[in-house]
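# Summary of structural features
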Amino acid sequence: MEFMELLQARQSVRRYRNEPVSEALVGRILEAVRTAPSAGNFQAYEIYVVEGKARMEALAEATFSHEWIAQAPMALVVCTNAARCEYDGKEHWALQDASIAATLAHLAVVELGLATCWVGAFLPAKVAEVVEAAEGHVPVAVLPVGYADEAPPRSERRKLEEFVHRCK
Ligand SMILES: Cc1cc2nc3c(=O)[nH]c(=O)nc-3n(C[C@H](O)[C@H](O)[C@H](O)COP(=O)(O)O)c2cc1C
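Described in the following lines is the structure provided in the data block. This is a predicted model, so every value here is computed, not measured.

### Some points on the pattern of salt bridges
What the rule picks out here adds up to four salt bridges. For Arg17, the salt bridge is made with Glu19, and the minimal N-O distance between the two is 2.9 Å. Judged by relative accessible area, Glu19 falls into the partly exposed class, the value being 31%. The partner of Lys53 in a salt bridge is Glu57, with the nearest N and O atoms 3.0 Å apart. Residue Lys53 and its partner Glu57 are both found in helix α3 (residues 53–62); the two are separated by four residues, about one turn of the helix. Classification of Lys53 as exposed rests on a relative accessible area of 63%. For Glu57, a relative accessible area of 40% puts it in the partly exposed group.

### Description of the nonpolar core
Grouped together as the largest cluster of nonpolar side chains are 22 residues, with contacts concentrated most on Leu59, Ile69, Val77 and Val142. Counting residues per element, this core draws most heavily on α3, at four residues. Those residues in contact with Ile69, other than ones at most four positions away along the chain, are Met56, Leu59, Ala60, Thr63, Val119, Val142 and Pro144. With 20 residues, the next largest nonpolar core counts Leu25, Ile29, Ala105 and Leu114 among its residues.

### Focus: helix α5 (residues 124–131)
For α5, the full list of buried residues reads Val127, Ala128, Val130 and Val131. Take α5 and look down its axis: the buried residues cluster within an arc of 160°, on one side only. Exposed residues pointing more than 90 degrees away from the buried face of α5 are listed as Ala125 and Glu129. Where the residues of α5 are buried, they touch β1 (45–51), α3, β2 (74–81) and β4 (137–146).

### Re the site of the ligand
Surveying the vicinity of the ligand reveals 13 residues, the closest of which are Ser12, Arg14, His66, Trp118 and Arg157. Between Ser155 and the ligand, the recorded distance is 3.0 Å, taken from a side-chain N or O atom to an oxygen atom. Protein burial of the ligand: of its 620 Å² of free accessible surface, 60% is covered by the chains. Residue classes in the shell around the ligand are distributed as five nonpolar, five polar and three charged.

About the criteria used
Residues numbered from 1 in each chain as written. Predicted model: local features only at pLDDT ≥ 70, side-chain atom pairs only at ≥ 80, totals over all residues. Heavy atoms only, no water. Salt bridge = Lys/Arg side-chain N within 4 Å of Asp/Glu carboxyl O. Buried < 20%, exposed > 50% of the residue type's maximum accessible area, 1.4 Å probe, protein only. Helix = DSSP H or I, 4+ residues; strand = E, 2+ residues; numbered from the N terminus. Core = buried A, V, L, I, M, F, W, Y, C linked by side-chain atoms within 4.5 Å. Contact = heavy atoms within 4.5 Å. Arc of directions from axis to C-beta. Near = heavy atom within 4 Å. Polar contact = N/O pair within 3.5 Å; in protein donor to acceptor, adjacent residues only side chain to side chain. Areas by Shrake-Rupley, 256 points an atom, 1.4 Å probe, with all protein chains shown as cover. Nonpolar A, V, L, I, M, F, W, Y, C, P; charged D, E, K, R; others polar.

The structure is reproduced here in structure tokens:
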């Protein structure tokens, strides 16, 4: 898909078909993440690949009961790993790195014919427990991944003049 078309095609999807995502596709999503720019190229993010019914249900419960998450066959949990960053204010940089990683994962998912929704409503410690995250890996985004089972209405956006501020 052409990139601008991909941006238009991307939507948050919250219903998924009962169909697994192949390991080959998961690999391509992760390779897309790997291309992400990062502050100082320290790559201060980590990705946990979550699969299996019990783990997906635990993840749904850890995200303030976003029950639909458990419908998806798998999820990516994108975490910061601030210790990788050698700059002062490590968390500041790591949050940006992890956000870019999650964004690229989101776009790659759509490019590959899959669907996701960025979920940020959770207590990081709870999600970390579900994925058995290593010390210092702090979840910032949960991306359930699967084949869409809905075509949600397109969400509204502000007009350019509302958020673009030109400084001359
Ligand atoms: C940082 C962030 C956090 C979000 N958290 C949630 C969430 O916890 N639950 C949810 O259902 N959607 C969540 N979303 C998805 C937004 O609701 C969605 O992107 C927005 O409504 C625009 O819709 P669209 O993605 O279909 O264009 C989140 C999106 C972002 C970027």
